[in-house]
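Here is how the chains run, residue by residue.
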There are 2 protein chains.
Amino acid sequence: MHTPAPTSTCGPAELELIDAWWRAANYLSVGQIYLLDNPLLREPLAAAHVKPRLLGHWGTTPGLNLLYAHLNRVIRDRDLDALYVTGPGHGGPGLVANAYLEGTYSEVYPSIGTDEDGMRALFRQFSFPGGIPSHVAPETPGSIHEGGELGYALVHAFGAVFDNPDLLALCVVGDGEAETGPLAASWHSNKFLNPVTDGAVLPVLHLNGYKIANPTVLARIPEPELADLMRGYGYAPHFVGGDGAGGEDPMTVHAQLAATLDAVLDDIATIQATARGGGATVRPAWPMIVLRTPKGWTGPKEVDGLPVEGTFRAHQVPVAQTRTNPAHRALLEGWMRGYRPEELFDATGALVPELRALAPRGTRRMSANPHANGGLLLRDLTMPDFRAYAVAVDRPGTGSSSATGVLGGFLRDVIAANPDRFRLMGPDETASNRLQAVFETTDRAWDAETLPGDDHLAPDGRVMEVLSEHLCQGWLEGYLLTGRHGLFTCYEAFVHIVDSMFNQHAKWLKTTNHIPWRAPIASLNYLLTSHVWRQDHNGLSHQDPGFIDHVVNKKSEVVRVYLPPDTNTLLSVADHCLRSRHYVNVIVAGKQPALTYLTMDEAIAHCTRGLGIWPWAGTTDGDPDVVLACAGDTPTLETVAAADLLRTHLPQLGVRVVNVVDLMRLEPDSEHPHGLPGRDFDALFTPDKPVIFAYHGYPSLIHRLTYRRTNHRNIHVRGYKEEGTTTTPFDMVMMNDLDRFRLVMDVIDRVPGLGAAGAVLRQRMSDARVAARAYTREHGEDDPVIAGWVWPEGG
Amino acid sequence: MHTPAPTSTCGPAELELIDAWWRAANYLSVGQIYLLDNPLLREPLAAAHVKPRLLGHWGTTPGLNLLYAHLNRVIRDRDLDALYVTGPGHGGPGLVANAYLEGTYSEVYPSIGTDEDGMRALFRQFSFPGGIPSHVAPETPGSIHEGGELGYALVHAFGAVFDNPDLLALCVVGDGEAETGPLAASWHSNKFLNPVTDGAVLPVLHLNGYKIANPTVLARIPEPELADLMRGYGYAPHFVGGDGAGGEDPMTVHAQLAATLDAVLDDIATIQATARGGGATVRPAWPMIVLRTPKGWTGPKEVDGLPVEGTFRAHQVPVAQTRTNPAHRALLEGWMRGYRPEELFDATGALVPELRALAPRGTRRMSANPHANGGLLLRDLTMPDFRAYAVAVDRPGTGSSSATGVLGGFLRDVIAANPDRFRLMGPDETASNRLQAVFETTDRAWDAETLPGDDHLAPDGRVMEVLSEHLCQGWLEGYLLTGRHGLFTCYEAFVHIVDSMFNQHAKWLKTTNHIPWRAPIASLNYLLTSHVWRQDHNGLSHQDPGFIDHVVNKKSEVVRVYLPPDTNTLLSVADHCLRSRHYVNVIVAGKQPALTYLTMDEAIAHCTRGLGIWPWAGTTDGDPDVVLACAGDTPTLETVAAADLLRTHLPQLGVRVVNVVDLMRLEPDSEHPHGLPGRDFDALFTPDKPVIFAYHGYPSLIHRLTYRRTNHRNIHVRGYKEEGTTTTPFDMVMMNDLDRFRLVMDVIDRVPGLGAAGAVLRQRMSDARVAARAYTREHGEDDPVIAGWVWPEGG
């Protein structure tokens, strides 16, 4: 079944050198996991030299080191521009070791020098309080990929090479990670890669056979089945190692791997040359490698009578009682000395010159590749003037437009002006979300088969649509982390699919904010549309506005949430977000035609403040009797309509309407950089008057953001309370008590002294709800008087 | 490439009848999407007969109807016990149509009779206010699968057949859904299916070629590549339709499909007979079908000059202006009359007898299969007495044990006592989470290859481990929905991977609570461990306690959250959850050795109340000066230690310690069934004294749950604030200001009148923090005095 070994261009002497680098990286990896001192084993290993808490993962590390060593050869030979994406992020010590061997580590962390003291510090800091994490992490030079939650290595690698035609991303996929859903789907990314304008991903499926406590699925299916699977995913698999004929002999594997790397890189070069010469007519079968090596290779074969190397027991720390058990300590010492450190490092502790020479030069080192510190390469977007897309608003609340529909025109021109650094991602919903104007300038990226009648499919399309939120998010993350820009549009309910991916990216942003050598990257921008209030046609399963709640749990320094109430505010917010850096911006906006309220100048002023009074909608310029607050387009509509009802029926009542665009303004300024100072908040929301707050999402979030505010006890929030089905838009808001009639009733219930007039109006509102529901049930659509409501003329 | 058509046992006359059933189902599907009246087209179609809002999805429906019609034949022929799992849940009208044709619909919804009036009501209610959802939904008889978010059809089907050896789950996988991560991974479920004791899943990959606006990936790769993919996933693919040689001719496809169904069911029978006769030694290649039919088959070929049938334009409503545009209406009428309803329904509107005879009998009807209403089949677990696993607690806070370690023994015996109806799911973490006692009685389910040295792998294992939270969750959902029990253990941070799956399941539970014919099922139980406070060795990426926040956004009638502080409380909570019905229970508990506080009798009393005063930990039986509240094991440890510091250093201070197990007790009783009445809350937390609340998760949740409480303005919460890395346990709590020293400082800052003694103690606490951090940074472990702290003797 194994691919016949191609002839290696790499001779035995060079393989010996590669093996020596590998030994050095393995030595440094073990040292990081275990040692506090005596880094070069100049003296016998004593208990005091060993860390008291052993935290790290050895199992995957030798395989990662092996690939790193071999990649360096081909980078030098072929002058490759290469990234190393490490799926098995547990292998932190390995990537740190290689960055150290390449010199990069000491360049970015001068306290970790290339001598014995530096090595001691390198060892000590690993998984040590005040030191560095045990996983591949933002702190690791050369990484764009956090080694925490598994599943996203391959999408990150593809995201990195999009629009980087000269870049090669080697992507190690662990066989544990390969069991995850996102990874299983992401093999299909090759149908979205353009061999002309994108770079190449070389996946290496690393079968070390075991997870934490179990064998892995792909290591335990027959090799022909695995080859079928990879061919079915569209790859040409090459097998290295593990065939019983020397699969565990390092020099045999070195020779196989070197030859295979030469072969697959030749294949990639041919594919690219053919495509770029105009000769490609069908999607190529890109090469990939299946590497089968023992878990914890070169580690202890057996500990306390149980096999370790090549089993799940090698996953973390193969020999654990190295402080208290002299036999364990001897095992560790023998293991480390087996790498022959005296051949690898000189008297000062520096790597010997013939091994130093194996590292590529400068930014060709994978640990120093600027693509892995994308902010260095980031170029501003060329931005069309968003004001040019403004809709005319003669009088507030009387005209209507589709906010995302108008945004589509703006995005079209952003795409056109930035053909090499902006992509739009979405799970098959770009047109559904009314952004179809983008197809006037570009297509959907597609390198699979096409048929007559297909709609805007092309290999170089800037819109990426696949029915996988995971892939959309992962591709965009990889694209952003390598210094480009983008926007992910998603149905609001289904963005929860990537809750966990968002977590990891937000944590990456938070951490890199505090790493001086990491340059800021473009923000991760979400446009959540087809939102909860307009899922009346899809029903309850499509209704969930909770992503916002999830987002605001993350550090305030990296998260922003915007709820533009109409078209011009959406344009202003979108322009701001696309220009911003190092945030996660969540924008929620509707796609259906909806009332417009603000002219572009007003919209800019309103969005700049983040929230504000809408004087035209209220009934008083002075101190109000009640504040109607709103955030989100549907709540704004209902609030403005409620204010109109109050103006008409209770003209003596002083009503103030406050609209909130930037949700984080509600938090105290001590909690969020956008937070409104207490005095300003009190000036808007009053210190003591009832506030009826109509909110887009779950009501609890408004309480959570405002619980420290002076007037919090008077804030009464309406929002989504998990009631819904397939029905009409107005029935949806009624089911959740967010409708205009209910808001008026809330005002009457909370403002004292409204007397008989209040009671009469309350009954009218209650009757109006009953009538509205009856109309809907009879006619199957909303009462046209309600659905067609606009702000009264002259209002 | 096509599988040579096997000889059909189904003659032309029978195929004609199947075709007639198919036409009837298609007719009823179109009728549901479009018609308010004139259901049998007794008169020419008028505008008033058509719904004003057309909400539904036609595209996938004819394919679903085709399969349903053919399945019924083989169910009758072979007396199969079969479920129909519909991945393309948009096809709601099709599944409703078939349930109606089978008579089930009228049985469970008597207002929808099997006559013309019934048909009118059937049509009207679909996607109509007050009616039924447009997707396959809990309201759909025969469904265990919500047709909202895509990706989970295949895992649900596998979950359904586990431990149901006689059950066949036909599972339609849409080619859109097939692009999702969870679906891509779930093909590998066949490595976890035991052909002896489990039933069979027959996947049908339905290539109708298009999503909303795009072609699908799997429809646009060469068929040999697709066959490789399916073989790589371990299946034997059979191709039906779409070969250009009549692929769109119904009778040709009928013959192909009938013959293929006979062939694959023969294969399944052979596989099962071989395995059950003891003859199987290797994992079988289960058959699957690739069905390629046009999207919107039999619908309008062209509308307004654009092709519709066989394109993405057939996705929803192929012809839309049927009220206002007479040409569109004529197209609809012609389309519906093309099914020849007069041949299908008699003068009363009832299905003609020769078609009625095609439905299987009674519970053999897929729409009436009791497995799809699992509560009907639910049998209580045989429960060992959890008290027998209690750890001895002589004095609170002086002994220690691993809570999950002890729970493992209880779960072992639950598994042993319920070999046919309980499974434990977890992503490769059962042993990591200290539940390894379960392997004393069972193994991990595994039907892939094994090697010498493998640890507890067997085809009939009750523990399901795969490195995919999606698969764990999906299998368990399918298992529960068909009337069984289970528990999903997960790292706390990574359970966010299934946020969206949880959403859909919680919505299912909420909806079925209000459907009289749906019987309650067993609760979905999560045990979240390896939690945020003990991810000190894995670091920031593994630290996120926000799943609780996500869960409490769902309806209070279906969600429960428990934070047992020690071993005996965990046992009590786990027993309660495993016995409960129709909830989602989230239990958060640590795996590391930790202090025990309560005897089993005390634990039962405490868990029954859900929260309560721990008198031994406080310093007063009367009105306190301050309340120290805590929820979660680590916060409880720090709180009890803080109380000890206060007792020692400020003995005059009246301290009350309140521990919360059942988080929902904090909410008002108006908000949650477990909510504590206001008076009781005030009695515990006082109306006016400072409350320092140490909480397991994000502090905002405590504010959110308590903001309506009398004393809310005095509640000061400490919890996780997104600070962490690879460090020590105590450094983790210090980084987040949850440590005992900080809690004492909080008390001093908030209790007035502590004077000089307070100031002195505050400085000592501040110094202690500095010293603790210095110790940790120097030694790499926590100060043993802190780490070894226990409640003082006699306390």
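Counting starts from 1 at the beginning of each chain's written sequence and moves along it residue by residue. For this description, chains carry letters from A and ligands carry numbers from 1, given in the order in which they are written. Given that the model is predicted, a residue must reach a pLDDT of at least 70 before its local features are reported, and side-chain atom pairs must reach 80 or more before they are shown or counted; all residues, however, enter totals for whole chains, interfaces and linings. To obtain the side-chain values, all non-hydrogen atoms of the structure were included, while hydrogens and water were left out.

Visitor: Talk me through the overall build of chain A; I want residue IDs and the actual numbers.
Guide: Only DSSP runs of H or I reaching four residues or more are called helices, and only runs of E reaching two or more are called strands; each is numbered from the N terminus. Tallying secondary structure elements over chain A gives 25 helices and 22 strands in all. Over its C-alpha trace chain A gives a radius of gyration of 30 Å, about what one expects of a compact globule, namely 28 Å for 795 residues. Overall, chain A is about 95 × 65 × 45 Å in size when its C-alpha atoms are taken along their principal axes. Across the 795 residues of chain A, 70% fall into the buried class. Each radius of gyration reported is based on C-alpha atoms, and the globular scaling rule is 2.2 Å times the count of residues to the power 0.38. Only protein chains enter the accessibility calculation, which uses a 1.4 Å probe; a residue is then buried when its area is under 20% of its type maximum, exposed when over 50%, and partly exposed in between.

Visitor: Describe in detail the pairing of strand 5 (residues 286-292) of chain B, supporting the description with residues and values.
Guide: Residues and elements named next belong to chain B. Within strand 5, seven of the seven residues are buried, which leaves the element mostly enclosed by the surrounding structure. Where burial is concerned, the two faces of strand 5 agree: the one with Trp286, Met288, Val290 and Arg292 and the one with Pro287, Ile289 and Leu291 are both buried. In short, DSSP must find at least two bridges between two strands for them to pair. Bridge analysis of strand 3 (residues 200-207) against strand 5 gives four bridges, and the strand direction is parallel. Bridging across to strand 5, His206 finds its partner in Leu291. Alignment of strand 4 (residues 235-240) against strand 5, held across six bridges, turns out to be parallel. Paired with Ala236 across the two strands is Pro287, which belongs to strand 5.

Visitor: So what's going on with the pattern of salt bridges? Which residues, and what values?
Guide: When a carboxyl oxygen of Asp or Glu is within 4 Å of a side-chain nitrogen of Lys or Arg, the pair counts as a salt bridge. Going through the model one piece at a time under the given rule, you end up with 104 salt bridges over all chains. Salt-bridge contacts for Lys555 of chain A lead to Glu723 of chain B; the nearest nitrogen and oxygen are separated by 2.7 Å. Here Lys555 of chain A is found in the loop between helix 16 (547-552) and strand 15 (559-562), whereas its partner Glu723 of chain B is found in the loop between strand 22 (715-718) and helix 22 (729-735) on a different chain. Classification of Lys555 of chain A as buried rests on a relative accessible area of 18%. The exposure class of Glu723 of chain B is partly exposed, given its relative accessible area of 22%. Each of Arg718, Lys721, Asp737, Asp739, Arg742, Asp746, Asp749, Arg762 and Arg769 of chain A takes part in one network of salt bridges that share partners.

Visitor: Any details on the relation of the copies chain B and chain A? Residues and values, ideally.
Guide: Superposing copies: least-squares fit, C-alpha atoms only, residues required to have pLDDT of at least 70 in both. Turning chain B through 180° and shifting it by 0.0 Å along the axis lays it on chain A, with an RMSD of 0.0 Å. In symmetry terms, the pair is related by a two-fold rotation axis. Considering only C-alpha atoms, the residue of chain B closest to the rotation axis is Gly181 of chain B, which sits at 2.0 Å.

Visitor: Report on the packing of helix 1 (residues 12-34) of chain B against helix 3 (residues 92-101) of chain B, specifying residues and quantitative values.
Guide: All names here are of chain B. Viewed as axis vectors pointing N to C, helix 1 and helix 3 meet at an angle of 125°, and their least axial separation amounts to 8 Å. Classified by the angle their axes make, helix 1 and helix 3 are oblique. When the axes of helix 1 and helix 3 are compared, the crossing they make is right-handed. Between helix 1 and helix 3, the residues in contact are Trp21, Ala24, Ala25, Leu28, Ser29, Gln32 and Ile33 and Pro93, Gly94, Val96, Ala97, Asn98, Tyr100 and Leu101, respectively. Just so you know the grouping, Ala, Val, Leu, Ile, Met, Phe, Trp, Tyr, Cys and Pro go in nonpolar, Asp, Glu, Lys and Arg go in charged, and all remaining residues, Gly too, go in polar. In terms of residue class, the contact of helix 1 with helix 3 is made up of 10 nonpolar, four polar and no charged. Geometry is summarised by axes, namely lines fitted to C-alpha atoms with helices restricted to the contacting stretch, and by angles between N-to-C directions that run from 0 to 180 degrees. We call two directions roughly parallel when the angle between them is under 35 degrees, roughly antiparallel when it is over 145, roughly perpendicular when it lies between 65 and 115, and oblique otherwise. In this scheme, a crossing is called left-handed if the near helix is turned counterclockwise away from the far one by less than a right angle; it is called right-handed if the turn is clockwise. In what follows, a contact means two residues having at least one pair of non-hydrogen atoms within 4.5 Å.

Visitor: Summarise the packing of aromatic side chains; cite the residues concerned and give the values.
Guide: Residues and elements named next belong to chain A. Two rings belonging to Phe, Tyr or Trp (six-membered ring only in the last case) form a pair when the distance between their centres is within 6.5 Å. Interplanar angles under 30 degrees mark stacking, angles over 60 mark edge-to-face geometry, and anything in between is tilted. Counted by the stated rule, this structure contains 55 aromatic pairs over all chains. Between Phe730 and Phe741, the ring centres sit 5.8 Å apart and the planes meet at 80°, which makes this aromatic pair edge-to-face. In this pair, Phe730 sits in helix 22 (residues 729-735) while Phe741 sits in helix 23 (residues 740-750), placing the two residues 11 residues apart along the sequence. A relative accessible area of 6% places Phe730 in the buried class. Assessed through its relative accessible area of 9%, Phe741 is described here as buried.

Visitor: Quick one: what's the story with the nonpolar core, residue by residue and with numbers?
Guide: In this text, buried Ala, Val, Leu, Ile, Met, Phe, Trp, Tyr and Cys residues form a nonpolar core when linked through side-chain atoms within 4.5 Å. Ranked by internal contacts, the top residues of the largest apolar core, which has 274 residues, are Leu663 and Phe685 of chain A together with Leu663 and Phe685 of chain B. With sequence-adjacent residues up to four places away left out, Leu663 of chain B is seen in contact with Ile548, Val561, Leu563, Ala631, Tyr695, Leu701, Ile702 and Leu705 of chain B.

Visitor: Describe unusual backbone geometry, with residues and values.
Guide: All names here are of chain B. The backbone of Asn38 sits at a positive phi, close to 60°, despite the residue not being glycine. Summarising the element assignment, Asn38 is placed in the loop between helix 1 and helix 2 (61-78). For Ser127, which is not glycine, the phi dihedral falls at a positive 50°. Along the chain, Ser127 falls in the loop between helix 5 (116-125) and helix 6 (153-161).

Visitor: Can you break down the side chain of His712 of chain B residue by residue, with the values?
Guide: With respect to the element layout, His712 of chain B can be found in the loop between helix 21 (700-706) and strand 22. Note on His712 of chain B: relative accessible area 7%, which makes it buried. Those residues in contact with His712 of chain B that lie beyond four places of it in its chain are Tyr707 of chain A together with His703, Thr706 and Tyr707 of chain B.

Visitor: Provide a residue-level description of the interface of chain B and chain A, including the pertinent values.
Guide: Listed as interface residues are 115 residues of chain B and, on the opposing side, 116 residues of chain A. For the interface between chain B and chain A, the tally reads 16 salt bridges. A salt bridge links Arg53 of chain B to Asp536 of chain A; its shortest N-O distance comes to 2.9 Å. N or O atoms closer than or at 3.5 Å make up a polar contact, with two conditions inside protein: a donor-capable atom paired with an acceptor-capable one, and, for residues adjacent in sequence, both atoms drawn from side chains. Taken together, chain B and chain A are joined by 64 residue pairs in polar contact (both at pLDDT 80 or more). Secondary structure elements with two or more residues in the side of chain B that touches chain A: helix 7 (181-186), helix 8 (223-232), helix 15 (499-512), helix 16 (547-552), helix 21 and helix 24 (755-779) of chain B. Examining the composition of the side of chain B that touches chain A, we find that seven residues originate from one element, helix 15 of chain B, more than from any other.

Visitor: Go over the confidence of the model for chain A with me, naming the residues and quoting the values.
Guide: Residues at a pLDDT of 70 or more form 98% of chain A, whose mean pLDDT is 95. Here the predicted complex scores 0.97 on pTM and 0.97 on ipTM. A residue's pLDDT is simply how confident the predictor is in it, with values from 0 to 100.

Visitor: Describe in detail the sheet that holds strand 19 (residues 626-631) of chain B, supporting the description with residues and values.
Guide: Residues and elements named next belong to chain B. The strand order 18-20-19-21-22 describes an open sheet built from five strands, whose pairing is mixed. At either margin of the open sheet sits one strand with a lone partner, and together these are strand 18 (611-613) and strand 22. For this sheet the average axis-to-axis angle between neighbouring strands, irrespective of direction, equals 20°. In this sheet, strand 21 (residues 691-695) lies alongside strand 19 in parallel orientation, the contact comprising five bridges. Along strand 21, the bridge assignment pairs Cys630 with Ala694. Contacts between helix 20 (residues 678-685) and the sheet are confined to strand 18, strand 19, strand 20 (655-660), strand 21 and strand 22, with strand 20 contributing the most and set at about 130° to the helix.

Visitor: An account of the packing of helix 1 of chain B against helix 9 (residues 250-276) of chain B is requested, with residue identities and associated values reported.
Guide: Residue and element names in this part refer to chain B. Running from N to C, helix 1 and helix 9 point in directions that differ by 110°, and their axes come no closer than 10 Å. Taken together, the axis directions place helix 1 and helix 9 in an arrangement best described as roughly perpendicular. Between helix 1 and helix 9 the crossing geometry is right-handed. The residues of helix 9 that touch helix 1, namely those facing Leu15, Glu16, Ile18, Asp19 and Trp22, are Pro250, Met251, His254, Ala255 and Ala258. Split into classes, the residues belonging to the contact of helix 1 with helix 9 amount to seven nonpolar, one polar and two charged.

Visitor: Hey, could you go over the sheet that holds strand 2 (residues 167-174) of chain A for me, with residue numbers and the actual values?
Guide: Residues and elements named next belong to chain A. Strand order in the open sheet made by the five strands is 1-2-3-5-4, with parallel pairing throughout. Because the sheet does not close on itself, it has two edges, and the strands there are strand 1 (81-86) and strand 4 (235-240). Direction aside, neighbouring strands of the sheet carry axes that sit 20° apart on average. Across seven bridges, strand 2 lies against strand 3 (residues 200-207) in parallel orientation. Across the sheet, Gly174 pairs through a bridge with His206, a residue of strand 3. Set on the sheet, helix 8 (residues 223-232) makes contact with strand 3, strand 4 and strand 5 (286-292); between it and strand 4 the angle comes to about 145°.

Visitor: Can you tell me about helix 14 (residues 469-481) of chain B, naming the residues and giving the values?
Guide: Helix length check: helix 14 of chain B, at 13 residues, gives a terminal C-alpha distance of 18 Å against a target of 18 Å (1.5 Å per residue), a fit within 8%. Downstream of helix 14 of chain B by one or two residues, Gly483 of chain B has phi in the positive range, about 95°. For a helix, the expected span equals 1.5 Å multiplied by the residue count minus one.

Visitor: Which residues make up helix 9 (residues 250-276) of chain A, and what values do they have?
Guide: A rise of 1.5 Å per residue sets the reference length of helix 9 of chain A, with its 27 residues, at 39 Å; its end C-alpha atoms lie 38 Å apart and thus fit the reference within 8%. Directly beyond the C-terminal end of helix 9 of chain A, a positive phi value near 85° is found at Gly278 of chain A.

Visitor: Explain the environment of Arg709 of chain B residue by residue, including any values.
Guide: With respect to the helices and strands, Arg709 of chain B occurs in the loop between helix 21 and strand 22. Here Leu666 of chain B takes part through its backbone oxygen, which lies 3.0 Å from a polar atom of the side chain of Arg709 of chain B.

Visitor: Residues and numbers for the environment of Gly31 of chain B, please.
Guide: Residue and element names in this part refer to chain B. The residue Gly31 is located in helix 1 in this model. Taking C-alpha positions, Gly31 is 8.7 Å from Leu122, a pair spaced 91 residues apart along the chain. Not counting chain neighbours up to four residues away, the residues in contact with Gly31 comprise Phe123 and Met336.

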